[in-house]
Amino acid sequence: MPIFPVFLIGEEAEQQQFVVATDGLQHLRPTDSPIEEVLRRYLRTESIRRVHQPVFRSMVMRAYENQCAVCSLKHPVLLDAAHIVEDRHELGVAAIRNGLALCKIHHAAYDAGILGVTPDSEVRIREDILAEVDGPLLEHGIKALHGLKLRVVPRVRNERPDRDLLDLHYQRFIAG
Ligand SMILES: [Zn+2]
């Protein structure tokens, strides 16, 4: 698990080794500089986010039993743990209620605003896409989902997608 950034914060010449910090600047002596404080906070957030990413994936995959929430595809190599609200947003927590297991195509469609999910867990497809005529992926893999409920949700109620988080994403989907 590569971690970035990494800081060399000291040299221990006698042991012929360096001291490495993987968690930002927290081992440096504070200088009360506001810039350093902002950097410190940023690095802390970054390292927490990066370390949590694989944990988030495994939690979401377990909750959805390795299936795409939208189409129920069951191949982990084709599945992502998608954030309902993206992790750079303040509400974009790395919790299962902010996650959806989605196959690659439905993840990309969700992030791109081609596919939306209402707070009642119904799938919506963008209007111009519904009007388009194309091959089987568009017809069966995307357009046919319009108006259907999510096919897979976690068995445990508090692991299901959070209505408020779904709504936050859905309002942006509607706005286009
Ligand atoms: Zn899918």
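Residues numbered from 1 in each chain as written. Predicted model: local features only at pLDDT ≥ 70, side-chain atom pairs only at ≥ 80, totals over all residues. Heavy atoms only, no water.

S.K.: Would you take a moment to explain the pattern of salt bridges for this structure?
M.R.: Where charged atoms of side chains with opposite charge meet at close range, the side chains can pair. Under the definition given, this model contains eight salt bridges. In this structure, Arg 163 and Asp 120 form a salt bridge, with 2.7 Å as the shortest nitrogen-oxygen distance. Here Arg 163, found in helix H5 (residues 163-175), pairs with Asp 120, found in the loop between strand E5 (115-117) and strand E6 (123-125); they are 43 residues apart in sequence, far enough to count as distant. In this structure Asp 120 comes out as partly exposed when scored by relative accessible area, which is 41%. Here Arg 126 ties to Asp 128 by a salt bridge, and the two come within 2.6 Å at their closest N and O atoms. A relative accessible area of 41% places Asp 128 in the partly exposed class. (Salt bridge = Lys/Arg side-chain N within 4 Å of Asp/Glu carboxyl O. Helix = DSSP H or I, 4+ residues; strand = E, 2+ residues; numbered from the N terminus. Buried < 20%, exposed > 50% of the residue type's maximum accessible area, 1.4 Å probe, protein only.)

S.K.: Help me understand the packing of aromatic side chains in this model?
M.R.: The description of an aromatic ring pair rests on the distance of the ring centres and on the angle between the ring planes. Per the stated rule, a full pass over the model turns up one aromatic pair. Both rings, one in Tyr 170 and one in Phe 173, keep their centres 5.8 Å apart while their planes meet at 20°; by these two values the pair is stacked. One end of the pair is Tyr 170 and the other is Phe 173, both in helix H5 and three residues apart, which spans about a single turn. Neither residue differs from the other here; Tyr 170 and Phe 173 are each classed as buried. (Phe/Tyr/Trp six-rings, centres within 6.5 Å; stacked < 30°, edge-to-face > 60°.)

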